[in-house]
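These are the residues of each chain, in order.
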Amino acid sequence: MKKELKVIIAIVVVIWAFVMGFELGIYKEKKNENANAAAIASSTTTTMPSTVTTTAPTTTAPTAPSSTASTSPDASAPSADPSQSSTAPAAKDPSAMSKDEIIAEMTKAMNQLKNEQNMTANKNASVVVNVTSCSVQSAVSTINKVVKGITDKMAPSETFTFVNGQATNSEGATVTPRDVIPPTGKDFAITADGVASATATKQGENTEYTIVTVVEDTTIENPIPPYNSGVIGYLDVNSLGIPFNITKGDMHYPGSTITITVNPAGKVVKIVSSLPMTGEGAAKIMGMEGTATFEGGLNESWDFTY
């Protein structure tokens, strides 16, 4: 029984690490998570693999073609009938936009959003992690109850009122839009190679842009998916400094969806994102190794008023 208990503890550790490793636009201090890790560790003092640092790809937004042409007036042409109103050429139909044009518009709008000075941002998010199998299969149900207790507290709804580019979060810290809007702490950036599909549609006066990322796979040694990390985020176990030996952390990202709604002034009024994933991990503790597989992800939405 003691042996089985040690394995279960190791399983809980690796799942806990997966859950707390979410770097998905959820602004949270790491001190509480690390304190929890230390409490679980007690006197155990094994080491983590070193963190792998990569840089997300930078996308340079191409200049969108002008929708109006400039012409010189013809002096010989008859004067316009004042009773006839002139009509400007119609703007390009969003549904006819290319993948590159959609990426460019999303990049421009999202990075403008990250530099907004005065606005209100309302966030709603949910994190789901469901253990599908582990090295003590009879413990799956119990482990899932523990994991649900953690994930239910991970992504609370939150409102940020930014004045002169700053707001106070629920923990009392001062944050900027760049700190909290995904991808957090960096520009929105992705290349066409990272986009499986892209669409743009008109929604009343607004325009809705959607991209779906390509499939990405990572390991504990190389944990950063370059495309997901540039538009939403990713699960980074290495960022936690957990005093355990996490021996395996393979992640599969089947394709994330990001939709933004932009008003006629070019400002983002809504973001809806979904980052599904599956994973397989293992941890060693007290001489025993526990393994587990899981499925889940993050669903997040933001609404902005100016």
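Residues numbered from 1 in each chain as written. Predicted model: local features only at pLDDT ≥ 70, side-chain atom pairs only at ≥ 80, totals over all residues. Heavy atoms only, no water.

As for the overall build of the chain
To be explicit about the condition: The way it works is that DSSP assigns letters per residue, a run of H or I at least four long becomes a helix, a run of E at least two long becomes a strand, and they are numbered from the N terminus. For the exposure calls, accessible area comes from a 1.4 Å probe over protein chains only, and a residue counts as buried if that area is under 20% of its type's maximum, exposed if over 50%, partly exposed in between. Should any heavy atoms of two residues lie within 4.5 Å, those residues are counted as being in contact. Note on areas: Shrake-Rupley with a 1.4 Å probe; residue coverage comes only from the protein chains shown.
When helices and strands are tallied, the chain shows six helices and 13 strands. Counting the 306 residues in the chain, one finds 44% classified as buried. Taking contacts inside the chain between residues at least 6 apart in sequence as the whole, the part at least 24 apart equals 75%. Roughly 15,000 Å² of accessible area belongs to the chain as shown, and the carbon and sulfur atoms make up 52% of that amount.

Let's talk about the nonpolar core
In plain terms, the rule: We call a set of buried Ala, Val, Leu, Ile, Met, Phe, Trp, Tyr and Cys residues a nonpolar core when their side-chain atoms join them within 4.5 Å.
Membership of the largest hydrophobic core comes to 63 residues, with the highest contact counts inside it found for Ile 181, Ile 211, Ile 260, Val 268, Ile 271 and Phe 304. The residues contacting Ile 260, other than those within four sequence positions of it, are Met 106, Ala 109, Met 110, Thr 207, Glu 208, Tyr 209, Val 268, Lys 270 and Ile 271.

Here's the deal with the pattern of salt bridges
Defined as follows: Only one rule defines a salt bridge in this text: a Lys or Arg side-chain nitrogen within 4 Å of an Asp or Glu carboxyl oxygen.
Tallied over the full model, the rule gives seven salt bridges. The closest approach of N and O atoms between Lys 108 and Glu 105, which form a salt bridge, is 3.6 Å. With Lys 108 and Glu 105 both in helix 3 (residues 99–113) and three residues apart, this pair spans about one turn of that helix. Given a relative accessible area of 17%, Glu 105 falls into the buried group. Of the charged contacts in the structure, one is a salt bridge between Asp 187 and Arg 178, with a shortest N-O distance of 2.7 Å. Bridged by salt links that share partners, the residues Lys 248, Asp 250 and Glu 280 form one connected network.

Points about the packing of aromatic side chains
Quick reminder of the rule: Note on ring pairs: Phe, Tyr and Trp rings are taken, using the six-membered ring of Trp, and paired if centres are within 6.5 Å. Classes follow the plane angle, with under 30 degrees stacked, over 60 edge-to-face and the rest tilted. Definition used: whenever NZ (Lys) or CZ (Arg) falls within 6 Å of the ring centre and also within 35 degrees of the ring normal, the charge is taken to sit over that ring.
The full count for this structure, using the stated rule, is three aromatic pairs. Considering the side-chain rings of Phe 160 and Phe 162, the 6.0 Å spacing of their centres and the 20 degrees angle between planes classify their relative orientation as stacked. The structure contains a cluster of three or more aromatic residues connected by ring pairs, namely Phe 160, Phe 162, Trp 302 and Phe 304. For the cation-ring pair, Lys 267 lies above Tyr 306, with the distance from its terminal atom to the ring centre recorded as 5.0 Å.

Some details on the environment of Phe 188
By the element assignment, Phe 188 lies in the loop between helix 5 (177–180) and strand 6 (195–203). Placed 82 residues apart in sequence, Phe 188 and Met 106 show a C-alpha to C-alpha distance of 8.5 Å. Residues within four places of Phe 188 in sequence aside, it is in contact with Met 106, Thr 107, Met 110, Asn 111, Lys 114, Pro 183, Ile 211, Gly 230 and Val 231.

Notes on the confidence of the model for the chain
Rule in force here: pLDDT is a per-residue confidence score from the predictor, ranging from 0 to 100.
Here the chain averages 78 in pLDDT, while 69% of its residues score no lower than 70. Here residues 24–89 is a poorly scored stretch, pLDDT under 50, and it has 94 contacts once near neighbours within four places are set aside; other chains count.

Details of helix 3
Under the convention used in this document: One less than the residue count of a helix, multiplied by 1.5 Å, gives the span that helix is expected to have.
Compared with an ideal rise of 1.5 Å per residue, which puts 15 residues at 21 Å, helix 3 spans 21 Å between its outermost C-alpha atoms and is within 8% of the ideal. Counting buried positions along helix 3 yields eleven of 15 residues, so the element is predominantly enclosed. When helix 3 is considered as a whole, its buried residues turn out to be Glu 101, Ile 102, Ile 103, Ala 104, Glu 105, Met 106, Thr 107, Ala 109, Met 110, Asn 111 and Leu 113.

A closer look at the pairing of strand 6
Which entries qualify depends on this criterion: When DSSP finds two or more bridges between a pair of strands, those strands are recorded as paired.
Where strand 6 lies against strand 7 (residues 206–213), eight bridges are found, and the strand directions are antiparallel. In the strand pairing of strand 7, Ser 197 is matched with Val 212. Linking strand 6 to strand 7, which pair antiparallel, is a turn of two residues; within it Gly 204 sits at a positive phi near 65 degrees.

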